[in-house]
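# Notes for the structure review
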Amino acid sequence: MKKVVAVIMVLLFLYSPAAVFAANSFTLHLSGKAAERGGSITLSGTTAGPGDQVVVKIVSPAGTVFYIDVLKAVDGAYAQRVSIPASQLLAPSGSYNVVAGSGGAALTQEFTIQGEDNPGPGTPTAAPTATPSAVPTATPTPTPAPDSGTPSNPGTSQPVRTGSPASSAASPIPAGAGEASNARIKPELINGSYLIGADTLAQAMQQAAGQITIELPATAGEAGVALELPQQSLNLLNAGNTGLVLTDGVRTISFPAGAMKTSDDNQTRLRIVLNASWNKEAQSLVGGSVRSDAAYASTGVLLSLVIQMVNGSNVTEIHQLAQPAEVSLRLTPEQITSMKTELAGIYYVDGNSAEYVPGTLTAGTVAFKATHFSAYALLVYDKNFADMTGHWAEAAVKSLAAKHLVNGVDAAHYEPARGITRAEFAALLMRAVERTGSAPANVASAPFVDVPSSAYYAKQAAEAATMGIMNGYEGAFRPSERITREEAAVALVNSSKYFKLGADVQAGKAYTDAREIASWAAASVAEAGASGLMQGDGTAFQPKKQVTRAEVAVMVGRLVQTGSSL
């Protein structure tokens, strides 16, 4: 009966709207840093709302769930006394991690149980046999909300969902677990994990039109609860060319058919653990990834996804996908207003480095594609150059630096007035084009006699020629020559079809130096002016003038639509 009550309590918490919780007044305290077998420890704290609910879990030194419960605050405060078993087997020595979660906030505290002797009456003195070893991983070990165990049975060996969860033999997933309606499935919470049975998935497949959507509760992503389904069901999805969409209403991940490898073993299950909790471990992961670079600032938005194939005690993690998954994260109005969105971007973080991932930030939703899963963070990159402060092109340079399309000549300087070579322009422009996914996967070597295959810009020059964006002069690319405004206009207009430019079109301007514009560039100069990609000085276009590093940042910034991460 206690187990049923605990499950109901967890369900009530998971289905409560996240908006009612506030992190800044949520606290957690322990009555002491040490506890004795046969005694107790009291945990307490405050919540934002007078009747908020708090999920509490204690993880033993062995990595098992020692205690789990859902508490209801009274007048904004909660408290619970947890009894410590007298048995060494049920309460092994070591450090215990206490996790309390309320809405999107998660707090942790620790206490210890010391001594290896004094086991309870009739209790064997052998150490527990279910002691999963810690698995080092570059991904964060998010703090999960309840996923296994019950309050009435502390010390029971159950798997704990971390960045690389341990596992023990599990009961088969009931074939009817979950509820299917058309091509949408609501999984069933059983013993702390969300389960979907084979019959339920088969029912949804009968009405699927290319994909099945699994709907988790609104707070499941914050809690880090595992979703499990039979591996054989994934095989059926792949065979039917049916994609799998996982969403909790805030985070949505769309896996195309065949993205995850399959197994022929009918005893294997697929486990997916989604976690977005911004806890101390997440903060440490992001901090280690960006090191001491002051240009980076965290936003508190993190997505950790662990995908595993589980067969009894054998766990195989899936990191690399056969096809990229599409990910979207819906931000709150508070998150949007608290950050410089024009400088924000998604980064793959592993604790040692941060790798920029092309994506979009539009209308409060971040979207990107992932070919592998671990942890992704939304960060702001606000790079300051000493020679750009107050410059008319400062915003454009900052925006492209945040997209990691431009760099300074050194750590502190950009040199905005310096000209840019055709090779440099090709490399910058094609990096932007490549991120649209339009560049060909394979191109022949650059068809220019003056572009060696070892040149840093050789790939981009070859792509530019293949896509008709930049052409040479009678077989020569002239990589070291400074690019002119009319050459830049042609390249920008040729590449604009790969970007979503605004619909506003200005009337073509009559430049006083129109006769100086080469015939092969005249149409592009007119189109660049009409689309707003390039502008003259008000009267003249100056077609033969060299383009500066400041000007090219503004031009490419207009092309990629400054204001959303590319």
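Residues numbered from 1 in each chain as written. Predicted model: local features only at pLDDT ≥ 70, side-chain atom pairs only at ≥ 80, totals over all residues. Heavy atoms only, no water.

## Quick notes on the sheet that holds strand S13 (residues 211-215)
Hydrogen bonds along the backbone pair up the strands of a sheet, which may run parallel or antiparallel. Just so we agree on the cut-off: Following DSSP output, two strands are said to pair if at least two bridges run between them. Under the DSSP-based scheme used, a helix requires at least four consecutive residues in state H or I and a strand at least two consecutive residues in state E, with every element numbered from the N terminus. Every axis corresponds to a line fitted to the C-alpha atoms, with the helix fit spanning only the stretch in contact, and the corresponding angles, defined between N-to-C directions, vary from 0 to 180 degrees. Note on contacts: a residue pair qualifies if any of its non-hydrogen atoms lie within 4.5 Å across the two residues.
A sheet is described by the order of its strands in space; here eight strands give the open sequence S9-S10-S13-S15-S16-S20-S24-S23, paired in mixed fashion. Because the sheet does not close on itself, it has two edges, and the strands there are strand S9 (179-181) and strand S23 (359-362). Across the sheet, the mean angle from the axis of one strand to that of its neighbour is 20 degrees, orientation sign disregarded. On top of the sheet, helix H2 (residues 198-205) reaches S9, strand S10 (184-186) and S13; it is set at about 5 degrees to S9, its chief contact.

## Structural notes on the confidence of the model for the protein
Which entries qualify depends on this criterion: Per-residue confidence from the predictor is given as pLDDT, running between 0 and 100.
Residue-level pLDDT values for the protein average 82, and 83% of them are 70 or greater. Segment residues 1-23 is flagged for pLDDT under 50; beyond a separation of four residues in sequence, or across chains, it makes 40 contacts in the model. Every residue in residues 117-169 scores below 50 in pLDDT, and together they form 142 contacts with partners more than four places removed in sequence or on other chains.

## Thoughts on helix H11 (residues 522-531)
Count 3.6 residues to each turn of an α-helix, and residues three or four apart come out pointing the same way. Rules: For every residue, the accessible area (1.4 Å probe, protein chains only) is compared with the maximum for its type, and the residue is labelled buried under 20%, exposed over 50%, or partly exposed between those bounds.
Every buried residue of H11 is accounted for by Ser524, Val525, Ala528, Gly529 and Ala530. For H11, the elements touching its buried residues are helix H10 (485-495). In the segment just after H11, Gly532 is the residue with positive phi, at about 85 degrees.

## Section: the sheet that holds strand S1 (residues 29-30)
Here we have three strands laid out as an open sheet, ordered S1-S3-S6, and antiparallel in their pairing. Bordering the open sheet on either side are S1 and strand S6 (77-83), each of which pairs with just one other strand. Relative to S6, strand S3 (residues 40-46) runs antiparallel, the two being bridged by seven bridges. Bridging across to S6, Thr42 finds its partner in Arg81.

## Focus: unusual backbone geometry
The bulk of non-glycine residues show a negative phi, and the bulk of peptide bonds are trans. The phi angle at Ala363 is positive, at roughly 50 degrees, despite the residue not being glycine. Looking at the element boundaries, Ala363 is found in the loop between S23 and strand S24 (365-372). Residue Ala363 is classed as exposed on the basis of its relative accessible area, which comes to 81%. Located in the positive-phi region is Arg478, a residue other than glycine, with phi close to 55 degrees. Mapping Arg478 onto the fold places it in the loop between helix H9 (458-466) and H10. Classification of Arg478 by relative accessible area gives partly exposed; the value is 33%.

## Remarks on the environment of Lys459
Checked against the element boundaries, Lys459 lands in helix H9. Judged by relative accessible area, which is 45%, Lys459 ranks as partly exposed. As a C-alpha pair, Lys459 and Ser445 span 14 residues in sequence and 7.3 Å in three-dimensional space.

## Comments concerning the pattern of salt bridges
The condition that has to hold: In the sections that follow, a salt bridge refers to a side-chain nitrogen of Lys or Arg positioned within 4 Å of a carboxyl oxygen of Asp or Glu.
A complete count under the given rule lists 14 salt bridges for this structure. One salt bridge in this structure joins Arg271 and Glu228, with 2.7 Å as the shortest N-O distance. In this pair, Arg271 is assigned in strand S17 (residues 269-275) and Glu228 in strand S14 (residues 226-230), connecting sequence segments 43 residues apart. In this structure Arg271 comes out as buried when scored by relative accessible area, which is 2%. Glu481 is paired through a salt bridge with Arg478; the nearest N and O atoms lie 4.0 Å apart. If you follow the salt bridges from partner to partner, you end up with Glu222, Asp248 and Arg251 in one network.

## As for the nonpolar core
The condition that has to hold: By convention a nonpolar core is built from buried Ala, Val, Leu, Ile, Met, Phe, Trp, Tyr and Cys residues, the set being connected through side-chain atoms within 4.5 Å.
Phe255, Ile307, Phe373 and Phe425 are the most contacted members of the largest nonpolar core, which totals 124 residues. In terms of residue count, the dominant contributor to this core is helix H8 (residues 422-434) (eight residues). Not counting chain neighbours up to four residues away, the residues in contact with Phe373 comprise Ile253, Phe255, Leu305, Ile307, His319, Leu321, Ala325 and Val327. Counting residues in hydrophobic clusters, the runner-up holds 23 residues, among them Phe26, Val82, Tyr96 and Ile113.

## Looking at the packing of aromatic side chains
The criterion, for reference: Paired rings are identified among Phe, Tyr and Trp, the last through its six-membered ring, by centres lying within 6.5 Å, and are further divided according to the angle between planes into stacked (under 30 degrees), edge-to-face (over 60) and tilted (the rest). The criterion for a charge sitting over a ring is simple: Lys NZ or Arg CZ within 6 Å of the ring centre, and within 35 degrees of the ring normal.
Scanning the model with the defined rule gives 13 aromatic pairs in all. Ring geometry for Tyr296 and Tyr347: centres 5.5 Å apart, planes at 80 degrees, overall edge-to-face. One end of the pair, Tyr296, is in strand S18 (residues 296-311); the other, Tyr347, is in strand S21 (residues 344-349), and 51 residues separate them in sequence. Considered together, Tyr296 and Tyr347 belong to a single accessibility category, that of buried residues. Here the aromatic residues Phe255, Tyr348, Phe368, Phe373 and Tyr376 are joined through ring pairs into a cluster of three or more. In this structure, Arg422 is placed above the aromatic ring of Phe477, and the distance from its NZ or CZ to the ring centre is 4.7 Å. In this arrangement the basic side chain of Arg485 is found over the ring face of Phe541, its NZ or CZ atom lying 4.6 Å from the centre.

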